[in-house]
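# Coordinates in review
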Amino acid sequence: MVYFCIFVFMLKSEKTRLHIIHTVAPIFNKNGYAAMSMSKIIEATGFTKGAIYGHFKNKEELAIEAYKHSIRMVLSDLNGHVAMGKTPLEKLFRIASFYETYYAYIQKTGGCPILNIGVDAAHKENALNTIVRSYNDRMLDQYIQIIEEAKKKNEIHGAINSTEYARRFFYMIEGAVFMSHLMKDDYYLKDVAKTVKKIIYTELQT
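Cut-offs applied
Residues numbered from 1 in each chain as written. Predicted model: local features only at pLDDT ≥ 70, side-chain atom pairs only at ≥ 80, totals over all residues. Heavy atoms only, no water. Helix = DSSP H or I, 4+ residues; strand = E, 2+ residues; numbered from the N terminus. Buried < 20%, exposed > 50% of the residue type's maximum accessible area, 1.4 Å probe, protein only. Contact = heavy atoms within 4.5 Å. Lys, Arg positive; Asp, Glu negative; His and termini not counted. Charge placed at Lys NZ, Arg CZ, Asp CG, Glu CD. Patch = residues over 30% accessible without salt bridge, like charges linked within 9 Å, V, L, I, M, F, W, Y side chains within 5 Å. Areas by Shrake-Rupley, 256 points an atom, 1.4 Å probe, with all protein chains shown as cover. Salt bridge = Lys/Arg side-chain N within 4 Å of Asp/Glu carboxyl O. Phe/Tyr/Trp six-rings, centres within 6.5 Å; stacked < 30°, edge-to-face > 60°. Lys NZ or Arg CZ within 6 Å of the ring centre and 35° of its normal.

A word on the overall build of the chain. Helix and strand counts for the chain stand at ten helices and zero strands. Across the chain, helices and strands are ordered from the amino to the carboxyl terminus as α-α-α-α-α-α-α-α-α-α. With the C-alpha coordinates of the chain rotated into their principal frame, the extents come out at 65 × 45 × 30 Å. Expressed as a percentage of its 206 residues, the buried residues of the chain come to 45%. Summarising the internal contacts of the chain: among those between residues at least 6 apart in sequence, 68% fall at separations of at least 24. The average position of the 27 basic charges and that of the 21 acidic charges among the side chains of the chain differ by 4 Å.

Here you go:
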C-alpha cells in the first residue's frame, strides 16, 4: 500500500509538473524569459509560488523545460512533414514547403520558439542559451544529413558543400520567420520557401 501511495503521488506530481510546463510554454515563447515574472506564472497556472518551486528549482529551469516543450512540438511537426518525402531530395523540398504555412502555424504557440527564445537567450550566457544553441545545432545537423543522403543517391551534385547550404537555408528561413513576425505578413515565409526550392532546383539538383 505504501508503494502504491508513493506511485500515485509521483504520477500526480509529474502531471502537475507537465501542466505547469504546458501552460507557461506559449507565454514564455511570446513574452520572453526576462519579461516572464513569477506573478505571471502564478496567474497563468493557478499554483502558488511554493508549489511551482516544488517542481522547478528556479525560473531558469522552468524556462528551459518550457522551451524544450515548444521546440519539440515544432520539430515533431517539421519532422513528420519531412518524413513524408520518399527520397532525400523530396525531403529537402518538404523542409521548404513546411515553412510556406509556418506563419499561421506559429500563431497558436505564441510565435517561433527558435526565434523568440533564441533572441532572448542570446544576451545571456546561461543554461537557457546553451540549450537553444544545441537545438539549433540539431536542426542544422538534420539539414546536413538530408543533403548528404541526397548526394549519396546522386540526386544532387556531389561537390556541393552540405554544411554551407544547410546554414544558408537555416538563416534564410529564420530571417523570413523574423520578418513575417515583425511585419505580421506571411509573404516573407512564402517567398523564402519558393527561393529555397529554386536554389535546390538550380544549384543542387543534378
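Judged by side-chain polarity, Phe 178, Leu 182 and Met 183 come together as a nonpolar surface patch covering roughly 300 Å² of accessible area. With respect to the helices, strands and loops of the structure, Phe 178 is situated in helix H9 (residues 162-183).

Moving on, we get to helix H5 (residues 88-98). Across the eleven residues of H5, eight count as buried, placing the element largely inside the fold. Of the surrounding secondary structure, the elements contacted by the buried residues of H5 are helix H4 (59-83), helix H6 (102-106), helix H8 (127-152), H9 and helix H10 (187-204).

What follows is about the pattern of salt bridges. For the structure shown, the criterion picks out five salt bridges. In this structure, the salt-bridge partner of Lys 197 is Glu 100, at a minimum N-O distance of 2.9 Å. Here Lys 197 is found in helix H10, whereas its partner Glu 100 is found in the loop between H5 and H6, with 97 residues between them in sequence. Across the pair Glu 164 and Arg 168 runs a salt bridge, and its minimum N-O distance is 3.0 Å. Of the two residues, Glu 164 and Arg 168 both sit in helix H9, four residues apart, roughly one turn of that helix.

Now for the packing of aromatic side chains. One pass over the structure, following the stated rule, counts ten aromatic pairs. Plain terms: the ring middles of Phe 98 and Tyr 102 are 5.7 Å apart, the flat faces sit at 45° to each other, and that makes the pair tilted. Each member of the pair, Phe 98 as well as Tyr 102, carries the same accessibility label: buried. By the ring-pair criterion, three or more aromatic residues cluster together here, those being Phe 98, Tyr 99, Tyr 102 and Tyr 105. Positioned over the ring face of Tyr 165 is Arg 168, at 4.8 Å from the centre of the ring.

Mapped onto the fold, Asn 154 is located in the loop between H8 and H9. C-alpha of Asn 154 to C-alpha of Thr 206: the two residues are 52 residues apart in sequence and 7.3 Å apart in space.

Time to look at unusual backbone geometry. The phi dihedral of Asn 154 falls on the positive side, at around 60°, and the residue is not glycine. The backbone phi angle of Lys 184 is positive, close to 55°, even though this residue is not glycine. Summarising the element assignment, Lys 184 is placed in the loop between H9 and H10.

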